[in-house]
Amino acid sequence: MYISENQKSSDTCVIGGGIVGLAISLGLLRNGHNVTLLDENDNGLRASRGNFGLVWVQGKGDTLPQYATITRQSAKLWKPFADHLNAETGIDIQLEQKGGLYLCLSEDELQARQAMLTKIQQAAKNDYPFSTLDLAQVREFFPEAGPEVTGATWCPEDGHLNPLLYLRAMTELFLKHGGKLVHQGQVISLKQQDKDFTITTQNNTVFHCGKVILAAGLGNQRLAPMVGLNAPVQPNRGQVLVSERVRNFLHYPTGHVRQTGEGTVQIGDSKEDVGLNQGTTLETMALIASRARKMFPILKDLRLVRAWGALRVMTPDGYPIYQQSLSNPGAYLVTCHSGVTLGAFHQGPLADWIANNDFDPAWEVFNANRFTL
Amino acid sequence: MPTDSHFNRQAIRESSPIPVTINGQTIMVQPNDSVAAAILLSGIEMNRRTPISGKKRAPYCMMGVCFDCLVQINGKENIQACMTKVEANMDIRTQNGARLIHHDLNPS
Ligand SMILES: Cc1cc2nc3c(=O)[nH]c(=O)nc-3n(C[C@H](O)[C@H](O)[C@H](O)COP(=O)(O)OP(=O)(O)OC[C@H]3O[C@@H](n4cnc5c(N)ncnc54)[C@H](O)[C@@H]3O)c2cc1C
Ligand code: FES
């Protein structure tokens, strides 16, 4: 059901209809809440529509073991979540989790990665599967790997999915289960009186609710202070190249190159600090393409059909913020990079926390106080 | 020659027609035609089948953006018919599903 009347109230309002807001909303609906999801419009900055689609475990949390833990928890919850989306909406989001490789093009890079993963493995008391492969072993996965590949790290828990189908499946399920989706422009004001939040949008539509979840990606920076929270998120641009469809030849995802269920090859892993600019540059696209060609020389004959830039939602340390406001109880902030990977965790345990107030003390490390202490 | 096509050629000053083959069938076309125009005029109802569902597709935008007009030309797959000019004796074939990129495996 879409809403356009002027005043509305529901148990819970979620601000931001990207993959983070939708996953939380689905989890709240599952807990019996009635949920209104406010999402601005297509001019918004929307990482959920421009990402790479990896459900990625290896390397996540090298400086924060609890982040490695929730990442792996999410990876384990992914299959049942994807099955549920498929059963309810008929949309197969092309989830595949049979392991992934991170290809390296120099000995130094490979050694640094191995050292980093070894550190995470030790922090996890050895319960952290990965291995380091030389070129011959890489070619058992990818006979097409080029001679400049020095090796790779392999993690059996890595995977990928189609991020646009994921977004669509969640939206359909949200509507099917009675969620209300609202496009009334940006939320511009957010106030609490007693236990009631009043939310006003650009179009002057007003919403009332008892709980509000900020899941507005980069928009959280402006919204958070309205309810005593702090969201120091910054944009970080990634450029992505997309090819014509070719018959499947990459049977595993890598950190830089993957092939979708339809046969498209998606390439990219650039990281640039360029403010709110979502464009592409020839220089960076050339770099991405040349790196990918070293990994898979077979790509030289592949035609690219489009490219885009999209902005990551990055906290200063790259880790999520999960927090309830102290000054405005009932207001929650949920924001992260790697919202695809963490999707099943958000829909499950994190939404359960917001619905039932059972915060896992282990998640205290995701409090934004860490940036001000 | 145009047979059962839904399309008619505008009155133009015609040049001498040249032959191309579409799925082995020879047809005569104007030397400035695009491959997509040649296909539409020939009355052949599709130029490709899609990679996933195998549905039929015909040229759509005629200006290089939709990728619905993919064909095989002289053995090369996934060529945009609307962006390619005909040449005498061109061998044009239906694109069936996704292209195979050639495995040239000479690991050194
Ligand atoms: C190039 C790139 C590659 C990536 N690759 C991966 C990957 O492989 N794996 C992975 O796990 N993650 C990846 N990510 C990260 C992932 O895409 C993000 O973590 C995720 O999309 C964040 O989702 P979100 O819902 O928080 O933000 P967004 O998608 O930005 O959604 C926020 C929504 O809130 C709306 N909004 C903002 N302000 C307001 C307001 N005031 N009022 C109302 N609505 C508002 C916006 O319009 C938008 O719809 C990648 C990101 C990028 C950019
Ligand atoms: S008809 Fe659209 S690209 Fe050729």
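Here, the structure is the one placed above.
Residues numbered from 1 in each chain as written. Chains lettered and ligands numbered in written order. Predicted model: local features only at pLDDT ≥ 70, side-chain atom pairs only at ≥ 80, totals over all residues. Heavy atoms only, no water.

Remarks on the pattern of salt bridges
Residues and elements named next belong to chain A.
Then comes step 1: Summed over the entire model, instances satisfying the criterion amount to 19 salt bridges over all chains.
Then comes step 2: Residues Asp 127 and Arg 72 are paired through a salt bridge, measuring 3.4 Å at the closest nitrogen-oxygen approach. One end of the pair, Asp 127, is in the loop between helix H3 (107–123) and strand S5 (131–134); the other, Arg 72, is in helix H2 (residues 65–89), and 55 residues separate them in sequence.
Then comes step 3: Judged by its relative accessible area of 9%, Arg 72 falls in the buried class.
Then comes step 4: Arg 168 is paired through a salt bridge with Glu 172; the nearest N and O atoms lie 3.6 Å apart. Residue Arg 168 and its partner Glu 172 are both found in helix H5 (residues 163–176); the two are separated by four residues, about one turn of the helix. (Salt bridge = Lys/Arg side-chain N within 4 Å of Asp/Glu carboxyl O. Helix = DSSP H or I, 4+ residues; strand = E, 2+ residues; numbered from the N terminus. Buried < 20%, exposed > 50% of the residue type's maximum accessible area, 1.4 Å probe, protein only.)

Remarks on the sheet that holds strand S14 (residues 264–267) of chain A
Residues and elements named next belong to chain A.
Then comes step 1: With antiparallel pairing, four strands are arranged side by side in an open sheet as S13-S14-S12-S15. The outermost strands of the open sheet, each flanked by one partner alone, are strand S13 (257–259) and strand S15 (304–314). Here the average twist between neighbouring strands, direction ignored, is 25 degrees.
Then comes step 2: One ladder, built from ten bridges, connects strand S12 (residues 234–245) with S15; its direction is antiparallel. Each bridged residue has a counterpart across the sheet, and for Ser 243 the counterpart in S15 is Leu 304.
Then comes step 3: Packing of helix H7 (residues 282–295) onto the sheet brings it into contact with S12, S13, S14 and S15, and relative to S12 it is tilted by some 55 degrees. (Pairing = 2+ DSSP bridges. Axes fitted to C-alpha atoms, helices over the stretch in contact; angles between N-to-C directions. Contact = heavy atoms within 4.5 Å.)

Side note on the nonpolar core
Then comes step 1: Core analysis: the largest hydrophobic core is formed by 47 residues, its most contacted members being Trp 78, Leu 85, Ile 93, Tyr 166, Met 170 and Tyr 322 of chain A.
Then comes step 2: Going through the elements one at a time, helix H1 (19–30), strand S2 (35–38), H2, H5, strand S17 (331–335) and helix H8 (343–356) of chain A are the ones with two or more residues in this core.
Then comes step 3: Excluding anything up to four places from it in sequence, Tyr 166 of chain A contacts Ile 19, Ala 23, Trp 78, Phe 81, Leu 85, Ile 93, Leu 161 and Gly 343 of chain A.
Then comes step 4: Membership of the second largest hydrophobic core comes to 27 residues, among which are Ala 145, Ile 288 and Met 295 of chain A together with Ile 101 of chain B. (Core = buried A, V, L, I, M, F, W, Y, C linked by side-chain atoms within 4.5 Å.)

Quick word on the sheet that holds strand S4 (residues 100–104) of chain A
Residues and elements named next belong to chain A.
Then comes step 1: Pairing in this open sheet of three strands is antiparallel, and the strands run S4-S6-S5 from one edge to the other. Strands with a single pairing partner mark the edges of an open sheet, and in this sheet they are S4 and S5. When strand polarity is set aside, the average angle formed by the axes of neighbouring strands in this sheet is 25 degrees.

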